[in-house]
Amino acid sequence: MRRPVAFVTAIVLFVEAVGIVVVNGVLATVAGNQSMSLAGTDPDVMVTGTWVMGGASGVLLVLCGLIPLLAGIRDRAPGRFGRIALIACAVVHGVLGALAVGLLGWAAFAFLMAVLALIVLTLVAYERGEPEAGGIGAERAPV
């Protein structure tokens with residue numbers, strides 16, 4: 001069960017990365033066409049900042065999507081860095097979900113919570129267990 005969950009999580013994160021880049025591209029185009037600025041900043045700075053934010057967010061989501069993809073292929077738990085990255089990604093999705101419910105509505109909240117649930121399910125499914133008694137790496141009981 002954990003391999004399909006890891007693959008679905010990776011696919012969802014890849015699709016979300018594409019969506020974030022597209023949304024930021026639309027926002028950058030609108031800001032450029034309307035010559036929008038924030039507190040008197042140059043409109044070109046707004047356009048560039050929007051593109052950079054979209055690209056950076058997309059790259060981070062792709063990198064976070066590679067972690068469950070590799071975990072599913074190898075059928076092993078992600079390493080320390082991978083677990084920390086997935087936990088950070090889950091926290092970001094939780095915070096964005098809390099903001100999205102007020103700004104974008106319940107559909108955006110439901111999507112972000114579904115992604116959060118997939119990330120957490122991937123982390124829990126590949127939880128590192130204690131070594132079995134008598135197995136390799138098991139500590140011996142004191143005599």
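The structure we're discussing is the one just above.
Residues numbered from 1 in each chain as written. Predicted model: local features only at pLDDT ≥ 70, side-chain atom pairs only at ≥ 80, totals over all residues. Heavy atoms only, no water.

Thoughts on the nonpolar core
Here is step 1 of the chain: Within the largest apolar cluster, 13 residues are counted, with the highest numbers of intra-cluster contacts made by Leu13, Leu61, Leu86, Cys89 and Ile119.
Here is step 2 of the chain: Going through the elements one at a time, helix H1 (2–33), helix H2 (43–74), helix H3 (80–103) and helix H4 (106–125) are the ones with two or more residues in this core.
Here is step 3 of the chain: If we ignore the near neighbours within four places in the chain, the residues touching leucine 86 are Cys64, Ile67, Pro68, Pro78, Ile119 and Leu123. (Core = buried A, V, L, I, M, F, W, Y, C linked by side-chain atoms within 4.5 Å. Buried < 20%, exposed > 50% of the residue type's maximum accessible area, 1.4 Å probe, protein only. Helix = DSSP H or I, 4+ residues; strand = E, 2+ residues; numbered from the N terminus. Contact = heavy atoms within 4.5 Å.)

Observations regarding H4
Here is step 1 of the chain: For H4, spanning 20 residues, the distance from its first C-alpha to its last is 28 Å, which sits close to the expected 28 Å at 1.5 Å a residue.
Here is step 2 of the chain: Every buried residue belonging to H4 is among Ala108, Leu112, Val115, Leu116, Leu118, Ile119, Thr122 and Leu123, and all of these are buried. Each buried residue of H4 sits inside an arc of 155 degrees when the element is viewed along its axis, so together they form one side. In H4, the exposed positions that point more than 90 degrees away from the buried face belong to Trp106 and Ala107.
Here is step 3 of the chain: Those residues of H4 that are buried are in contact with H1, H2 and H3. (Expected span 1.5 Å × (residues − 1). Arc of directions from axis to C-beta.)

Section: the side chain of glutamate 16
Here is step 1 of the chain: Within the secondary structure, glutamate 16 is located in helix H1.
Here is step 2 of the chain: Buried within the structure, glutamate 16 lacks any salt-bridge partner; arginine 83 is the closest side chain of opposite charge, at an N-O distance of 19 Å. (Lys, Arg positive; Asp, Glu negative; His and termini not counted. Salt bridge = Lys/Arg side-chain N within 4 Å of Asp/Glu carboxyl O.)

Description of unusual backbone geometry
Here is step 1 of the chain: Unusually for a residue other than glycine, aspartate 75 sits at a positive phi of about 55 degrees.
Here is step 2 of the chain: Judged by its relative accessible area of 30%, aspartate 75 is partly exposed.

Concerning the layout of surface pockets
Here is step 1 of the chain: What the largest pocket holds in volume is close to 930 Å³.
Here is step 2 of the chain: Lining of the largest pocket is provided by 28 residues; of these, Ile20, Ser57, Leu61, Val92 and Leu96 occupy positions nearest its centre.
Here is step 3 of the chain: Elements supplying a minimum of two residues to the lining of the largest pocket: H1, H2, H3 and H4.
Here is step 4 of the chain: Per-element accounting of the lining of the largest pocket gives the leading share, 10 residues, to H3.
Here is step 5 of the chain: Partitioning the lining of the largest pocket into residue classes produces 23 nonpolar, four polar and one charged. (1 Å grid on protein atoms, 1.4 Å probe; cavity = no way out; pocket = protein on both sides within 12 Å on 5 of 7 lines; lining within 4 Å. Points joined across faces, edges and corners; volume = space filled by probe spheres on them. Nonpolar A, V, L, I, M, F, W, Y, C, P; charged D, E, K, R; others polar.)

Concerning H1
Here is step 1 of the chain: Given a rise of 1.5 Å per residue, 32 residues ought to cover 46 Å, and the 46 Å separating the end C-alpha atoms of H1 matches this to within 8%.
Here is step 2 of the chain: Turning to H1, its buried residues number three or more, namely Val5, Ala6, Thr9, Ala10, Leu13, Glu16, Ala17, Asn24, Gly25, Ala28 and Ala31.
Here is step 3 of the chain: As for H1, its buried residues are in contact with H2, H3 and H4.
Here is step 4 of the chain: Note on H1: the residue one or two positions beyond its end, serine 35, has a positive phi of about 55 degrees.

Section: the state of the cysteines
Here is step 1 of the chain: Taken as a whole, this structure holds zero disulfides when the rule is applied.
Here is step 2 of the chain: Here cysteine 64 is not disulfide-linked; the sulfur of cysteine 89 is the nearest cysteine sulfur, at 4.0 Å. (Disulfide = S-S within 2.5 Å.)

What about the packing of H2 against H3?
Here is step 1 of the chain: Viewed as axis vectors pointing N to C, H2 and H3 meet at an angle of 125 degrees, and their least axial separation amounts to 10 Å. As summarised for this structure, H2 and H3 are arranged oblique, according to the angle between their axes. When the axes of H2 and H3 are compared, the crossing they make is left-handed. Residues Leu61, Cys64, Ile67 and Pro68 of H2 pack against Gly82, Ala85, Leu86, Cys89 and His93 of H3.
Here is step 2 of the chain: Split by residue class, the contact of H2 with H3 holds seven nonpolar, two polar and no charged. (Axes fitted to C-alpha atoms, helices over the stretch in contact; angles between N-to-C directions. Parallel < 35°, antiparallel > 145°, perpendicular 65-115°, else oblique. Left-handed = near helix turned anticlockwise from the far one by under 90°.)

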